[in-house]
Amino acid sequence: GQNIDQPTEMTATEGAIVQINCTYQTSGFNGLFWYQQHAGEAPTFLSYNVLDGLEEKGRFSSFLSRSKGYSYLLLKELQMKDSASYLCAVGVNTGFQKLVFGTGTRLLVSP
Amino acid sequence: DVKVTQSSRYLVKRTGEKVFLECVQDMDHENMFWYRQDPGLGLRLIYFSYDVKMKEKGDIPEGYSVSREKKERFSLILESASTNQTSMYLCASNSGGGGNEQFFGPGTRLTVL
């Protein structure tokens, strides 16, 4: 089966750095995605990792270790608008390509 | 600007009604998906389509069916709505290939009374 774990909720202060972890156990692994979802809105793509290592994109970075089944999303210089849910999703190949989502981490950024 | 649209943002139906949720994408994507999103459960895949008239069951297809008659349009059908199908329904699309991001529509919040 597929299992993805991430913390339910995190809080941080404006200007700080926060790391959101995601661990997974899946078969047919084909990359890991991070999505951002503001309340009442659609998820939007943040990052994709298929090889081990760090991918940096502006204030956001994402890391993957396939051997450990582990990823994190790093958000720097937090802004109030970063308050949202962050969804970890593993790409799996089960005959077709699909995403298996974690339950999401709700991040609250305070002034 | 790429776009996935869904026919309704909010929908209220009664138990036993047949419900149609429509999704349209303008990116010429081969793949389209229907998910439902519930608190504490995350997004769960209901059905997937990789081409016109082609469909695959996702993780929770029971109680649902789908239709894809045109490449840009993917419909989710609740044959006989039940209260446990009250949820947020999200449509998504992407082009072929495992590493391609999915683009999501704004969602339809369905309440079944």
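Look a little higher up for the structure.
Every value quoted in this text rests on a predicted model; they were computed, and no experiment measured them.

1. What to know about the state of the cysteines
All names here are of chain A. Enumeration according to the criterion identifies two disulfides over all chains in this entry. Across a sulfur-sulfur distance of 2.0 Å, C22 and C88 are joined as a disulfide pair. Taking the torsion about the S-S bond as the criterion, the C22 to C88 disulfide, at about -65°, is left-handed. With C22 in strand 3 (residues 18-25) and C88 in strand 9 (residues 84-93), the pair connects residues that are 66 residues apart, well separated along the chain. Take C22: its relative accessible area is 0%, and that puts it in the buried class.

2. Notes on the pattern of salt bridges
Residue and element names in this part refer to chain B. All told, the structure shown has eleven salt bridges over all chains when counted by the stated rule. E22 is the salt-bridge partner of R73, the closest N and O atoms lying 3.2 Å from each other. Taken together, the positions of R73 in strand 8 (residues 73-78) and E22 in strand 3 (residues 19-25) put the pair 51 residues apart, joining distant regions of the chain. Under the relative-accessibility criterion, R73 is labelled partly exposed at 36%.

3. Looking at the pairing of strand 4 (residues 31-38) of chain B
Consecutive residues of a regular strand have side chains that alternate between opposite faces of the sheet. Residues and elements named next belong to chain B. Among the eight residues of strand 4, eight are classified as buried, and the element is accordingly described as predominantly covered. Alternating positions in strand 4 separate into two faces, N31, F33, Y35 and Q37 on one and M32, W34, R36 and D38 on the other, with burial throughout. The pairing of strand 4 with strand 9 (residues 87-94) spans seven bridges and is antiparallel. By the bridge assignment, F33 is partnered in strand 9 with A92. Sheet topology places strand 4 next to strand 5 (residues 42-51); seven bridges connect them, and they run antiparallel. Residue pairing across strands places R36 opposite R44, the latter belonging to strand 5. What sits between the antiparallel neighbours strand 4 and strand 5 is a turn of three residues, in which G40 has the positive phi angle 80°.

4. Here's the deal with the interface of chain A and chain B
Every contact between the two is made by 17 residues of chain A and, on the other side, 22 residues of chain B. Across the chain A to chain B interface the summed buried area is about 1,500 Å²; carbon plus sulfur atoms make up 61%. One can count one salt bridge joining chain A with chain B. The partner of B:D59 in a salt bridge is A:K98, and the shortest N-O contact between them spans 2.6 Å. Counting across the chain A and chain B interface gives four residue pairs in polar contact (both at pLDDT 80 or more). Among the secondary structure elements, those contributing two or more residues to the side of chain A that touches chain B are strand 4 (29-37), strand 5 (44-49) and strand 10 (97-101) of chain A.

5. Quick look at the nonpolar core
Of all hydrophobic cores here, the largest spans 22 residues; its most connected members are A:I4, A:L32, A:W34, A:L75, A:L78, A:Y86 and A:L107. Ranked by residues supplied to this core, first place goes to strand 9 of chain A with five residues. The residues touching A:L107, leaving out its near neighbours within four places in the chain, are A:M10, A:A12, A:V18, A:L75, A:L78, A:D82, A:S83, A:A84 and A:Y86. B:L21, B:Y47, B:Y64 and B:L76 belong to the second-largest nonpolar core, a separate cluster that totals 21 residues.

Calculation criteria
- Residues numbered from 1 in each chain as written.
- Chains lettered and ligands numbered in written order.
- Predicted model: local features only at pLDDT ≥ 70, side-chain atom pairs only at ≥ 80, totals over all residues.
- Heavy atoms only, no water.
- Disulfide = S-S within 2.5 Å.
- Helix = DSSP H or I, 4+ residues; strand = E, 2+ residues; numbered from the N terminus.
- Buried < 20%, exposed > 50% of the residue type's maximum accessible area, 1.4 Å probe, protein only.
- Salt bridge = Lys/Arg side-chain N within 4 Å of Asp/Glu carboxyl O.
- Pairing = 2+ DSSP bridges.
- Contact = heavy atoms within 4.5 Å.
- Buried area = accessible area lost by both parts, 1.4 Å probe.
- Polar contact = N/O pair within 3.5 Å; in protein donor to acceptor, adjacent residues only side chain to side chain.
- Core = buried A, V, L, I, M, F, W, Y, C linked by side-chain atoms within 4.5 Å.

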